[in-house]
Amino acid sequence: MTPPSRHTPLPWGAELPLVGRHTEFAALRDHLSRAIAGHGRCVLLTGEAGVGKSRLLAALVKDAESRDVLIASGSAFAVETGVPYAAFADPLARPLRAMDAATITLLARGAERDLSAVLRGLAGIAATGTDDADGEAVSKSRLFWNVTQFLTRVAARKPLLLVLDNAHESDASSVELLHFLARQVADTRILIVLAFLEDTRDEHTALRTAVRSLTTANEATRLRVESLTRADLTELLERSFALDADDAAHHAAGLWSHTRGNPFFVEESLKALSAAGKIRMSGDRWIIQDTLPATLPATVRDAVLQRLESLTPDAMKVAELASIVERRISLALLERVSGLDALALADAIDMLCSRRTLIEHRTETDAEYEFAHPIIQSTVRSTLTAARERVLHAAIAAGLEGIHGAAAINHAGEMARHLLLGRDAGIDARTLRYLAAAGRDALARRADREAARWLADALEVAEQCGDSDEATVLVEELATARLRLGDAAGAEDGWRRALALADARGDQEARSRLLHHLAQLAARAGDAASGLTLLDDAERAAASIPRNDLVIRIGVARAKLQQALGRRDDATRTVTGTLATAVALNDTALLARVHQTALQLYAWTGPARLARDHGAQAITLASASGDRTVEWSAHWAMAMLEGFTGEGHGVSPHLRAAAALAESLASPVLLAMTAEIEIEHASGIGNWTHALAVAERTIPLARAVMPNSLLPRLLVWTGLILLERDDTERARALFEEAWTRSGAERSTVVGEFSEQPLGNVHNVILAHTGMGTYCLSHGEWERALDLGERGLALADRFGYVAWSIHRLLPMMIEAALRTERYDRVETLTEQLRRHSTDLGHRLGLAWTAAAEALLARVRHQAPDAAARLLAAAEELEAVPFVFHAARLRRNAAQVLEADGDTAGAIRELRRAHTVFVNLGAEFELRGLRNHLRSLGARPPSRSTLPGAGSLSGRELEIARAVARRLTNKEIGAALGISTRTVSTHLSNIFAKLGVDSRGALADAVREFSDPDA
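Residues numbered from 1 in each chain as written. Predicted model: local features only at pLDDT ≥ 70, side-chain atom pairs only at ≥ 80, totals over all residues. Heavy atoms only, no water.

(A) Region of interest: the sheet that holds strand 10 (residues 367–371). Strand order in the open sheet formed by 3 strands is 8-10-9, with antiparallel pairing between adjacent strands. Sheet topology places strand 8 (329–330) and strand 9 (358–362) at the edges, where each strand pairs with a single neighbour. Pairing analysis gives 2 bridges linking strand 8 to strand 10, with the strands arranged antiparallel. Bridge assignment links Ile329 to a residue of strand 10, and that residue is Tyr369. Helix 13 (residues 313–323) contacts strand 8, strand 9 and strand 10 of the sheet and is inclined by roughly 85° relative to strand 10. (Pairing = 2+ DSSP bridges. Helix = DSSP H or I, 4+ residues; strand = E, 2+ residues; numbered from the N terminus. Contact = heavy atoms within 4.5 Å. Axes fitted to C-alpha atoms, helices over the stretch in contact; angles between N-to-C directions.)

Take a look at the structure:
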């Protein structure tokens, strides 16, 4: 900044030069440069009040302007903490409104409805409703995801700098959204800078939680702004008043002893000295008489008050009005409420702006004013008496209503606040109207804290007004808001109160709906039995109306609770009865829901045939009714089922359909859940690199949107791959986190599961599988078996046999074999065969065959053990589950060696070696290579075959046979396998190599070579 000339007086409102901030400014510029290059970041700028954070932000914005960056800069205000997303949306309003409607629509990609909940008034984004087709409010995670994706696409066109000053004054919804966005910007061209007071005593919980989360996860950089030093003040005086070095140092010492280098206090003190004549021009030079503490204001507040005392009454009146409005106050509003004529108002505004009490911002149709610093605003507001403040709020409410007319209801939050603070002892319907509208708007926009606040105020007013009908509705809505905030007890109290009101007026529909809410609440608390009792009452109320659609919804909920209690037969009967009711009602959407519920029931408990039948029906009906969420759920469950039952070729089509639906719904929850299936499928078919890449981008998303539901399972799937890649420390950390997040430790007392709040039982079982596998790999076989027993008890208790088949029982069988507990091996193997047969679980049956072969060898020295193990390996490869197939080939090699077939052992070890190398399975590879050396064989190269991807040994044989133009029948005959198995292998090969025809596969094969071919 250029220092003033010796001949130019320093104006009253001049801005002092930016000094002592070189390090901080350089850090901010560096983060901006990195964001421009695609490495986004969140910076938390902290420091005490008046330390100069705002000046740094202003300098950063000016620098960004010269670098062709899209700038969204704003400030939060204490008076608007109840306005949902105000602090987030206001900075973005100006740059986004400069875009045309077509561009906004293109970047929104169908998410206009969600964007309108946050970024209101933008071209191309109409403020439509936020209800899904099933009547449920749009999920907060989807809303946040769509806003984040929209801004990411905006930044892809032009780097985005999002600056929010005074973030400690933000509304809770803005903080939540900023927290979500900050966790997703790492690979974007977005820089977020939040400035806030770090020592504020009333810092709201949302900001404190967000800051702790971001810094703990290293997703934000904290940059503290310190007070100015004596040297900084010396430089400031030299540059501002053209003093020589000694004179500047002398006055800087006095100034620092009083202000301790706080820049705002320094500036206010210099202005006070100037007003008192202690700093003045003499000829062409500045004279500073003294800067001793005795001549200066005692506090920052005193300095501001001293400035305010010199204002005219009209200017002070305008400042008072500006101090209590949301954000900036418009000229139009001042004209309505100030009571001043046009000239007097202009003079008052001129005085305030010339002294930098207010700053003017021009708009296309009006002008707006804000305080130059929040300290000035809070000081002005603190001078108001309660009576004066009430009068001003009432006047502003009337003025806003006059400006907006019939559209004032669209500003319900702003109106309600001023009416509440400006009301007399009496309560009127006008206040209630705005309060209720503000609460419902916030609830629809998922601004739950603000919704709870407004709805509670509205309920109080409704009760005082004697409006019982409105009070009944508000009680239910308030309960919903409290539940979203995690206040289950508050939600239950509210719904029970609403239930009493519904009973008093004989409203059976409301009774059924509220009992349904309470049942789901009981299930959340782990009390599924009470939930079923409440559902019985809800069904009786629905049947008395009659409302079969409610009966069906209640039936779906009942089946899920019965399964949670392990009452498989009851759940089956409920699904069957509910399906009959849905068929009679002939409601396509409800039918789709019932079939989808049946699909999930039978997917876990079997038989698989029934699950597939219901899944096909659910997909068809959901597509016909346009219910994409149910359609996604059906495809997701079908992909899971096909993977569990070893029908690998059936996973990909459902996985692709689920991914497309999740993308079209723009739901981060559905995208993350779809990614879970993709990770486990890629792990099974041997594409570990892809599985880890998907996990790397999905785990941060799951931490943000599903930390206690999906995240534990993702951690286990990822940990299992890392464990075999010998990244044991990282794997253990993931298993331990999954264990903690799932609440697995609470599953210690078998027999009391129905009373214990276990949370997500699926996660608890998987947590046991993960920790058990870790212990198994480290030789802690007894511990592995113990963990497996606990996980198996849960799976059996709740009827989730699919989890016991998938990895858990095989892990336990291996642990029991290691400890030579052969009776337990036999029992577990029988259980694995029984469950696998019931569920039609091809993978489980292959594992069963392997376990039976190993048991026959160790117990009875069966001579055909090696052949049986290799047959099981073939079946696992056909599923495909290539890693475990390769492990079986290692087992078979050990048996072959014991039988004296060294050549056969080496052959199978080489086949397994190819798979382990392609997978990067270092843990298994080390032992296998040592085994080869012990047999006198030289281990093959550890490098993967270029272009071969992660093909298993058998898949390589089949790929080369295709390149030789053999038919499936000829390949099967040559390799001693069925034509169907060849077809299954080919489907897996096509998926791994990304080819879609035999010709393309032949071309791919020619790109790599194998010395043994």
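(B) Representation of the nonpolar core within the structure. Phe88, Leu119, Phe150, Leu151, Ile192 and Val318 are the most contacted members of the largest nonpolar core, which totals 273 residues. Per element, the largest residue contribution to this core is 12 residues, and it comes from helix 37 (residues 801–818). Setting aside residues no more than four positions away along its own chain, Phe150 makes contact with Leu96, Ile104, Leu107, Ala108, Leu115 and Leu119. Formed by 20 residues, the second largest nonpolar core is a distinct cluster that contains Leu32, Leu56, Ile71 and Val163. (Core = buried A, V, L, I, M, F, W, Y, C linked by side-chain atoms within 4.5 Å. Buried < 20%, exposed > 50% of the residue type's maximum accessible area, 1.4 Å probe, protein only.)

(C) A look at the pairing of strand 10. A large share of strand 10 lies buried, amounting to 4 of its 5 residues. As defined by bridge partners, strand 9 adjoins strand 10 across 5 bridges and the pair is classed as antiparallel. From the neighbouring strand, Glu360 faces strand 10, where its bridge partner is Tyr369. Taking the residues that link successive antiparallel strands as the turn, the strand 9-strand 10 hairpin has 4 residues.

(D) Main features of the side chain of Asp627. Following the sequence through the fold, Asp627 ends up in the loop between helix 28 (608–625) and helix 29 (628–644). There is no salt bridge for the buried Asp627, and the closest opposite charge comes from Arg593, which lies 4.0 Å off by N-O distance. Apart from the residues lying within four places of it in its own chain, the contact partners of Asp627 are Arg593 and Ala622. (Lys, Arg positive; Asp, Glu negative; His and termini not counted. Salt bridge = Lys/Arg side-chain N within 4 Å of Asp/Glu carboxyl O.)

(E) Seen up close, the sheet that holds strand 4 (residues 190–197). Spatial strand order, 2-3-4-1-5: 5 strands in an open sheet with parallel pairing. The open sheet has two edge strands with one neighbour each: strand 2 (70–75) and strand 5 (221–224). The mean angle between the axes of side-by-side strands here comes to 15°, regardless of whether they run parallel or antiparallel. Bridge count for strand 2 against strand 3 (residues 160–165) is 6 bridges, and the pairing is parallel. In the strand pairing of strand 3, Gly74 is matched with Leu164. Sitting on the sheet, helix 2 (residues 53–65) touches strand 1 (41–47), strand 2, strand 3 and strand 4, and the angle it makes with strand 3 is about 165°.

(F) Structural context of the packing of aromatic side chains. A complete count under the given rule lists 8 aromatic pairs for this structure. Between the aromatic rings of Tyr85 and Phe144, the centroid separation amounts to 6.5 Å while the plane-to-plane angle is 85°, which identifies the pairing as edge-to-face. Here Tyr85, found in the loop between strand 2 and helix 3 (86–97), pairs with Phe144, found in helix 6 (residues 140–157); they are 59 residues apart in sequence, far enough to count as distant. Taken individually, Tyr85 and Phe144 each receive the classification buried, so the pair is uniform in this respect. Put simply, the rings of Tyr85, Phe144 and Phe180 touch in pairs and so form one group of aromatic residues. (Phe/Tyr/Trp six-rings, centres within 6.5 Å; stacked < 30°, edge-to-face > 60°.)

(G) Region of interest: helix 3. Compared with the 16 Å implied by 1.5 Å per residue over 12 residues, the 16 Å span of helix 3 between its first and last C-alpha is a close match. Buried residues dominate helix 3, accounting for 9 of its 12 residues. Every buried residue of helix 3 is accounted for by Ala86, Ala87, Phe88, Ala89, Pro91, Leu92, Ala93, Pro95 and Leu96. In this fold, the buried residues of helix 3 make contact with strand 2, helix 4 (101–108), helix 6, strand 3 and helix 7 (172–182). (Expected span 1.5 Å × (residues − 1).)

(H) Here's a closer look at the pattern of salt bridges. On inspection of all chains with the given rule, the structure shows 55 salt bridges. Notably, a salt bridge pairs Arg142 with Asp114, separated by 3.0 Å at the nearest N-O pair. Residue Arg142 is located in helix 6, and its partner Asp114 is located in helix 5 (residues 112–116); the two are separated by 28 residues in the primary sequence. Here Arg142 and Asp114 have matching classes, each one buried. Across the pair Glu320 and Arg388 runs a salt bridge, and its minimum N-O distance is 3.0 Å. With Glu320 in helix 13 and Arg388 in helix 17 (residues 386–404), this pair connects stretches of sequence that are 68 residues apart. Arg388 gets classed as partly exposed once you look at its relative accessible area, which sits at 32%. Several salt bridges converge on common partners, so that one network encompasses Glu814, Arg818, Arg887, Arg890 and Glu924.

(I) Spatial organisation of a negative patch on the surface. Residues Glu238, Asp244, Asp246 and Asp247 make up a contiguous surface patch of negative charge. You can see Asp244 is positioned in the loop between helix 9 (230–241) and helix 10 (245–259). (Patch = residues over 30% accessible without salt bridge, like charges linked within 9 Å, V, L, I, M, F, W, Y side chains within 5 Å. Areas by Shrake-Rupley, 256 points an atom, 1.4 Å probe, with all protein chains shown as cover. Charge placed at Lys NZ, Arg CZ, Asp CG, Glu CD.)

(J) Examining the environment of Leu515 more closely. By the secondary structure assignment, Leu515 is in helix 23 (residues 508–524). Residues Leu515 and Arg285, spaced 230 residues apart in sequence, show a C-alpha to C-alpha distance of 82 Å. Every residue in contact with Leu515, bar those within four places of it in the chain, is listed here: Leu499, Leu534, Asp537 and Ala538.

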